[in-house]
Amino acid sequence: MKPLVGITPAIGDTEDRGALYRMEVSYVNAVRQAGGVPVLLPYAPEGVEELLAVLDGLLLSGGGDIRPERFGDAEQHPQTYGISDERDEFEFVLLQAALARDLPVLAICRGIQVLNVALGGTLYQDVADQFSDTITHRQPWNTESWVRPTHDVALDADSTAADVYGATTVATNSAHHQTVKEVAPGLRVTGRSSDGSIEAVDYPGKQFVLGVQWHPEKMFEDHAEHRRPFARLVQEAAGYQARKRLGAAAAD
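Here the structure is a predicted model, which means the values were calculated and not measured.

## Concerning the sheet that holds strand S4 (residues 37-40)
Pairing within the open sheet is mixed, and its nine strands lie in the order S4-S1-S5-S6-S13-S12-S11-S8-S9. One side of each edge strand has no neighbouring strand; the edge strands of this open sheet are S4 and strand S9 (169-172). Pairs of neighbouring strands in the sheet enclose a mean axial angle of 25°, with direction left out of account. Of the pairings in the sheet, the one linking strand S5 (residues 57-60) to strand S6 (residues 105-108) comprises three bridges and is parallel in character. Note that in S6 the partner of Leu 58 across the bridge is Val 105. On top of the sheet, helix H3 (residues 85-101) reaches S5, S6 and strand S13 (209-212); it is set at about 145° to S5, its chief contact.

Following this line, the structure appears as structure tokens:
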């Protein structure tokens, strides 16, 4: 059986159809290319344990910003956008339960921010205004920008990210305006851009938790190295699935 990888979607309102879940097809294609079976996860905090009972891995996708009050900011920056309390609540509950099970987790863009805030960290609400404008992290949202590398990220040699990519430098795209500020307890910063902005984290002691601030799902078709985070996620999910089956067999 191929491992099941749950992917969290975005949500947005339309004028004529109400709220709709939205999922970039590239996330689905990246998981499929890596050999996993993608599963879109509707927001259902009350059903998290049931969902995790069948999933073998978790992918936290990109999207709008987390409500600032969740990381202690009383005021919302003018550039903060796309807040969904429903999404925040679901992903926080889902992630905490996934980590408790030691489920393999890949957290992309918003995902790395959810990972950090859920564990007690904070964010810069706008990198250019609150941290540095040396690098333009918020590239235009178009196909060319997604695919083209815009800056390098330096990775710690002993990190999960370096092990996944097989290198200590990776050329990345960049389409974000928020980033990790204070790092949550338990997480380790393992990648930075040249301006010092945090671009990668891992979670020592967990089987596989990798957070990246860039979008490998938009680059994997044109840049083979960006297939590796998804290949590792699916590999780890297959291992989790095997361990789960052994546990169930032993219980019988």
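Now that the structure has been shown, the text picks up again.
## Focus: the side chain of Asn 116
By the element assignment, Asn 116 lies in helix H4 (residues 110-118). Excluding residues that lie within four positions of it along the chain, Asn 116 makes contacts with Gly 121, Thr 122, Leu 123, Val 180, Glu 182, Val 183, Ala 184 and Leu 187.

## Some points on the nonpolar core
Ranked by internal contacts, the top residues of the largest apolar core, which has 35 residues, are Leu 52, Leu 58, Leu 95, Leu 99 and Leu 115. Within the residue set of this core, elements represented by two or more residues are helix H2 (48-54), S5, H3, S6, H4 and strand S12 (198-202). The biggest single contributor to this core is H3, with seven residues. Leaving out residues up to four positions away in the same chain, Leu 115 has contacts with Leu 95, Leu 99, Ala 107, Leu 187, Val 201, Val 209 and Gly 211. Judged by nonpolar contacts, the second largest core, of 27 residues, contains Ala 34, Ile 108, Val 170 and Ala 200.

## Focus: the packing of aromatic side chains
Considering all chains together, one arrives at five aromatic pairs under this definition. On the numbers, 5.1 Å between centres and 45° between planes, the contact of Tyr 124 with Phe 131 is tilted. Here the guanidinium or amino end of Lys 218 rests over the ring plane of Trp 146, the centre of that ring lying 5.5 Å away.

## What to know about H3
For H3, built from 17 residues, the straight-helix expectation of 24 Å at 1.5 Å per residue is met to within 8% by its first-to-last C-alpha distance of 24 Å. Arg 87, Asp 88, Phe 90, Glu 91, Phe 92, Leu 94, Leu 95, Ala 97, Ala 98 and Leu 99 are the residues of H3 that are buried. Buried-residue contacts for H3 involve strand S2 (10-14), H2, S5, S6, H4 and S13. Asp 102 lies just past H3 and shows a positive phi near 60°.

## Side note on the pattern of salt bridges
Considering all chains together, one arrives at 12 salt bridges under this definition. Of the charged contacts in the structure, one is a salt bridge between Glu 89 and Arg 70, with a shortest N-O distance of 3.5 Å. One end of the pair, Glu 89, is in helix H3; the other, Arg 70, is in the loop between S5 and H3, and 19 residues separate them in sequence. Relative accessible area serves as the criterion here: at 36%, Glu 89 is assigned to the partly exposed category. Overall, the relative accessible area of 33% leaves Arg 70 in the partly exposed class.

## Some details on helix H8 (residues 228-251)
Relative to the 34 Å expected for 24 residues at 1.5 Å per residue, H8 spans 34 Å between its end C-alpha atoms, a close match to the ideal helical length. Pro 229, Phe 230, Arg 232, Leu 233, Val 234, Glu 236, Ala 237, Tyr 240 and Gln 241 are the residues of H8 that are buried.

Definitions and cut-offs
Residues numbered from 1 in each chain as written. Predicted model: local features only at pLDDT ≥ 70, side-chain atom pairs only at ≥ 80, totals over all residues. Heavy atoms only, no water. Pairing = 2+ DSSP bridges. Helix = DSSP H or I, 4+ residues; strand = E, 2+ residues; numbered from the N terminus. Axes fitted to C-alpha atoms, helices over the stretch in contact; angles between N-to-C directions. Contact = heavy atoms within 4.5 Å. Core = buried A, V, L, I, M, F, W, Y, C linked by side-chain atoms within 4.5 Å. Buried < 20%, exposed > 50% of the residue type's maximum accessible area, 1.4 Å probe, protein only. Phe/Tyr/Trp six-rings, centres within 6.5 Å; stacked < 30°, edge-to-face > 60°. Lys NZ or Arg CZ within 6 Å of the ring centre and 35° of its normal. Expected span 1.5 Å × (residues − 1). Salt bridge = Lys/Arg side-chain N within 4 Å of Asp/Glu carboxyl O.

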